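If you want the building blocks of each chain, they are given just below.
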Protein chains: 2
Amino acid sequence: MKSILVLGAGRSSSAVINYLLDYARARNMLVVVGDVSQAAARDRIGGHSSGQAVAFDIRDLQQSAETIAHADVVVSLLPAHYHPAVAGICIEHRKHLVTASYVSDDMKAMHQHASDLSLIFLNECGLDPGIDHMSAIQVIDRIRASGCELSGFESFTGGLIAPETDPDNPWRYKFTWNARNVVMAGQSTARYLHEGQHKYIPYQQLFLRTTPVVVPGHPAFEGYANRDSLKYLDAYGLKNVSTMLRGTLRYKGFCSAWNILVQLGCCEDTYELSDVATMTHRDFINRFVAGASADSVEQKVMMKFSLEKNSEALGKLRWSGLFSDEKVGLDSGTPAAVLEHILNKKWKMNAGDNDLVVMWHRFTWTEKGRKKAIEASMVVKGEDAVNTAMARTVGIPMGIATRLILEGKISQRGVMIPVSPEIYEPALAELRSYGIMLNEREVDS
Amino acid sequence: MKSILVLGAGRSSSAVINYLLDYARARNMLVVVGDVSQAAARDRIGGHSSGQAVAFDIRDLQQSAETIAHADVVVSLLPAHYHPAVAGICIEHRKHLVTASYVSDDMKAMHQHASDLSLIFLNECGLDPGIDHMSAIQVIDRIRASGCELSGFESFTGGLIAPETDPDNPWRYKFTWNARNVVMAGQSTARYLHEGQHKYIPYQQLFLRTTPVVVPGHPAFEGYANRDSLKYLDAYGLKNVSTMLRGTLRYKGFCSAWNILVQLGCCEDTYELSDVATMTHRDFINRFVAGASADSVEQKVMMKFSLEKNSEALGKLRWSGLFSDEKVGLDSGTPAAVLEHILNKKWKMNAGDNDLVVMWHRFTWTEKGRKKAIEASMVVKGEDAVNTAMARTVGIPMGIATRLILEGKISQRGVMIPVSPEIYEPALAELRSYGIMLNEREVDS
């Protein structure tokens, strides 16, 4: 009996596990779900006849190897830094591997070895990275097939909340994914290509230099640049592109408010704050502004950033309770840890909340001497707190990729990302049946 | 014959070497100057009968040990990261050590060992750290002796240029010390104490949150905070102080112009820029602003920072050639390396230039229920390009400390900084004879 091993049963694992269970049932296969909590694995399977829950801890390499040895394909939802260990065992026991994580240098180094053993190590096969690659390269290949060459590509993806969720939340944002990563986002200089020039945006400018993003039928969005937009030039075969920018998408107004926290130094993670145990939210902000009195923290922030009392940015900070006298509720922490803890009080997903995934691409090229531009966008709404848009858009592509591997539909071998037609064509077609698809429109170039 | 070993004959070694040569001549001692360039060591000695030049490379530990074994006291002017190696040999061969560098964790770890061997490892005995400690603690001890307790201490020191040097230079600044350190200054969050509260200033705020500094008879200065102002609370015995801030001093207006370079990201050292070989100064700045055209770089900077065309800050950048079409002249480099190279074209000390060292302290305390404040300041002007104020104010304290050690005037043992009266009283008295002294004045508290 063929067996699929899914590693990790945490938040956002539901969609890929459900996809694979349904696939396995019809084909008499087994889906083994491994998690440090066997109970969590059991919960995810929910009594499905094709599922089996096991305790799995990648830090126990011997036991991990025994579990992996029984699988035909391994789907890893573990934190990215565990993937080299998983991949090492997959090489040893000759197993294919699917992840939604960025290809690390360690992973890249296994390419030849995996290729020699005829293994598929398919990474970046979730939402972002994942659907963004697949949907972008499909358009790029089509433009290329028409004899034209892409001149510009911009792409932003974000995990937001649906309009009816928490309608008074002025950020229009909650933590739908890793909260710590959200607080720490952007701390390395971003690099991108603009009209042939290499451009650099340091952290202190990142949330000030945003790109407006329009998706018809939705409120205005904005995007900020991700760390290195240039690294996909080769993967996408974009040798002559003059503009290349990838980034993160938020509702318009998020970035200018977040920028205040960045400028104050609230997102730093390099040192421990003193006296966290007795600290209120207001005290926390007061650490980062001049002057003694904590009473006037809000005024000091207004002065510093030239904000009106009823400005949108200040309203967002106020709504998040950053000027309140509530105790932080931690014993210690870095600024980033304290900020995450404060924000989580309002930004935690509650029962009834629905998330919203938004992806947007812009392609420009010249056709018969005329400049052309297409914008493609996707909006996916979560169904409930378990079947989130994030879980579905990350998980279903991984499920489809696993299916393609089991059915022998992928001929490529080694470490790869989903940019070849044999993967993206069937994957995008099947995603469409789940309502996960991009809509294109021609726009002014 | 007693022997003093001076390690390092670079820029700014002249004053300490001259001091020690004069001292040695009268007492039939020998001053051995060791440098990787024996010729440089010979130059510094200048044929003085009490001097001897040797080749010295701390990376050759065996030869270094042989040289150190012959000395009675070692004065190290080597880069700070070599001091643990020097100190290790000093322990092995039981030699006293004097440096002007901050006490590193490695150095601190040697305290018990040095103390057990009855050795003096005196650090932070130059200008800043050095004279700042000695002059501050003298006042603090005096206030304490009057039965009062210091409530506030602020201190700023800077190496600037004398008014007649380069009078058209709007920064009133040149590289009189380590240029790389100037470009990289402040990249860690600064911490200080303000009216009982711990405060944090991230890099992106550092050059915006300056303290005005007034020295009678001089143009206005300003100070920005150094990394950790709290680490001297214990060393100074300041248990109840509510305000403590140490920092770097510049002429007023320096910081707001420098802040532009910080905000743009020009001071980063974490990645290599592309295409440095073909880059002009203007191209360099253009990498950090939005928009393609390099022609309008100055306008883009004006817009971004809301600057008028004839504003002082913009004038400083323009004077430094940052908008010029001159080639950078490097093959590769990080932003910080390229910026240092560009700035050095105008900020290099030339023959005829004189430097200026300025130190300023502010002490506050309560005496018989009344708030009191004293400001103490020192201005030392360089004599020429070799006998700079920086070389004299760093070197003479080290020379005096060496004399005190040779004469058995220091009873303390182990790793120390010059905050005890047995060091600071004779040192400050002798520095006064060199015209190196602080003037105090009572001010409004």
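Residues numbered from 1 in each chain as written. Chains lettered and ligands numbered in written order. Predicted model: local features only at pLDDT ≥ 70, side-chain atom pairs only at ≥ 80, totals over all residues. Heavy atoms only, no water.

Enquirer: Even after reading the chapter, I still don't get the overall build of chain A, so can you show me in this structure?
Expert: Counting its regular elements, chain A contains 17 helices and 16 strands. Since a compact globule built from 445 residues should have a radius of gyration of about 22 Å, the 23 Å found for chain A is in line with a globular shape. A principal-axis box enclosing the C-alpha atoms of chain A has dimensions of 70 × 60 × 40 Å. Considering chain A as a whole, with its 445 residues, one finds that 59% of them fall into the buried category. Summarising the internal contacts of chain A: among those between residues at least 6 apart in sequence, 68% fall at separations of at least 24. Carbon and sulfur atoms form 48% of the exposed surface of chain A, whose accessible area is close to 17800 Å². Computed over 47 positive and 50 negative side-chain charges, the separation of the two mean positions in chain A equals 3 Å. (Helix = DSSP H or I, 4+ residues; strand = E, 2+ residues; numbered from the N terminus. Rg over C-alpha atoms; globule rule 2.2 N^0.38 Å. Buried < 20%, exposed > 50% of the residue type's maximum accessible area, 1.4 Å probe, protein only. Contact = heavy atoms within 4.5 Å. Areas by Shrake-Rupley, 256 points an atom, 1.4 Å probe, with all protein chains shown as cover. Lys, Arg positive; Asp, Glu negative; His and termini not counted. Charge placed at Lys NZ, Arg CZ, Asp CG, Glu CD.)

Enquirer: Just checking my understanding: could you explain the interface of chain B and chain A for this structure?
Expert: A common way to express how large an interface is: the accessible area buried when the components associate. Counting residues at the interface gives 32 residues for chain B and 32 residues for chain A. Across the chain B-chain A interface, the total number found is 0 salt bridges. Where chain B packs against chain A, one counts 26 residue pairs in polar contact (both at pLDDT 80 or more). Contributing elements (two or more residues each) for the side of chain B that touches chain A: β8 (190–194), β9 (197–201), α9 (203–206), α11 (254–264) and α13 (297–304) of chain B. Per-element tally for the side of chain B that touches chain A: the top contributor is β9 of chain B, with 4 residues. For the side of chain B that touches chain A, the class distribution of residues is 11 nonpolar, 11 polar and 10 charged. (Salt bridge = Lys/Arg side-chain N within 4 Å of Asp/Glu carboxyl O. Polar contact = N/O pair within 3.5 Å; in protein donor to acceptor, adjacent residues only side chain to side chain. Nonpolar A, V, L, I, M, F, W, Y, C, P; charged D, E, K, R; others polar.)

Enquirer: Before we go on, may I ask you to explain the packing of aromatic side chains in this structure?
Expert: One pair of aromatic rings is described through two measures. These are the centre distance and the angle between the planes. Residues and elements named next belong to chain B. Taken as a whole, this structure holds 42 aromatic pairs over all chains when the rule is applied. Pairing tryptophan 171 with tryptophan 347 gives two aromatic rings, centres 5.0 Å apart and planes at 85°, and the pair type is edge-to-face. In this pair, tryptophan 171 sits in the loop between β7 (150–161) and α8 (179–184) while tryptophan 347 sits in helix α15 (residues 335–347), placing the two residues 176 residues apart along the sequence. In this pair, the class of tryptophan 171 matches that of tryptophan 347, namely buried. (Phe/Tyr/Trp six-rings, centres within 6.5 Å; stacked < 30°, edge-to-face > 60°.)

Enquirer: Even after reading the chapter, I still don't get the relation of the copies chain B and chain A, so can you show me in this structure?
Expert: Copy one and copy two of the chain differ by a rotation about a common axis and a shift along it. Of the transformation superimposing chain B on chain A, the axial component is 0.1 Å and the angular component is 180°, with the fit at an RMSD of 0.1 Å. What the superposition gives is, in effect, a two-fold axis relating one chain to the other. The rotation axis passes nearest to the C-alpha of glutamine 204 of chain B in chain B, at a distance of 3.1 Å. A shared interface surface links the copies, since 100% of the contact residues of chain B are contact residues in chain A too. (Least-squares fit on C-alpha atoms with pLDDT ≥ 70 in both.)

Enquirer: Would you mind showing me how to read the nonpolar core here?
Expert: A general feature of soluble globular proteins is that nonpolar side chains tend to end up buried together. Residue and element names in this part refer to chain B. Core analysis: the biggest nonpolar cluster contains 98 residues, and Phe121, Tyr236 and Phe363 have the highest contact counts within it. Top element by residues in this core is helix α16 (residues 389–406). It accounts for 11 residues. Those residues in contact with phenylalanine 363 that lie beyond four places of it in its chain are Ser135, Ala136, Val139, Ile140, Ile143, Leu150, Gly152, Phe153, Lys372, Ala373, Ile374 and Ala376. (Core = buried A, V, L, I, M, F, W, Y, C linked by side-chain atoms within 4.5 Å.)

Enquirer: Explain the sheet that holds strand β4 (residues 73–76) of chain B here, please?
Expert: As a general point, the strands of a sheet are linked pairwise by backbone hydrogen bonds and lie either parallel or antiparallel. Residues and elements named next belong to chain B. With parallel pairing, the 7 strands of this open sheet are ordered in space as β3-β2-β1-β4-β5-β6-β15. The sheet is open, and its two edges are formed by β3 (51–55) and β15 (414–416), each paired on a single side. Each adjacent strand pair in this sheet contributes to an overall mean axis angle of 20°, direction not counted. As defined by bridge partners, β4 adjoins strand β5 (residues 96–99) across 4 bridges and the pair is classed as parallel. (Pairing = 2+ DSSP bridges. Axes fitted to C-alpha atoms, helices over the stretch in contact; angles between N-to-C directions.)

Enquirer: Would you mind going over the pairing of β7 of chain B with me for this structure?
Expert: Taken residue by residue, a regular strand's side chains alternate between the two faces of the sheet. Residue and element names in this part refer to chain B. Within β7, 11 of the 12 residues are buried, which leaves it mostly tucked inside the rest of the structure. Summarising the sheet, β7 and strand β13 (residues 355–367) pair through 11 bridges and their orientation is antiparallel. Residue pairing across strands places threonine 157 opposite methionine 359, the latter belonging to β13.

Enquirer: What should I look at first to understand the environment of serine 135 of chain B in this one?
Expert: Residues and elements named next belong to chain B. The topology assignment puts serine 135 in helix α7 (residues 131–145). In this structure, the C-alpha to C-alpha distance between serine 135 and serine 311, residues 176 residues apart in sequence, is 38 Å. Setting aside residues no more than four positions away along its own chain, serine 135 makes contact with Met359, His361, Phe363, Leu428 and Leu438. Within the structure, serine 135 has its side chain in polar contact with the backbone oxygen of isoleucine 131 (distance 2.7 Å).

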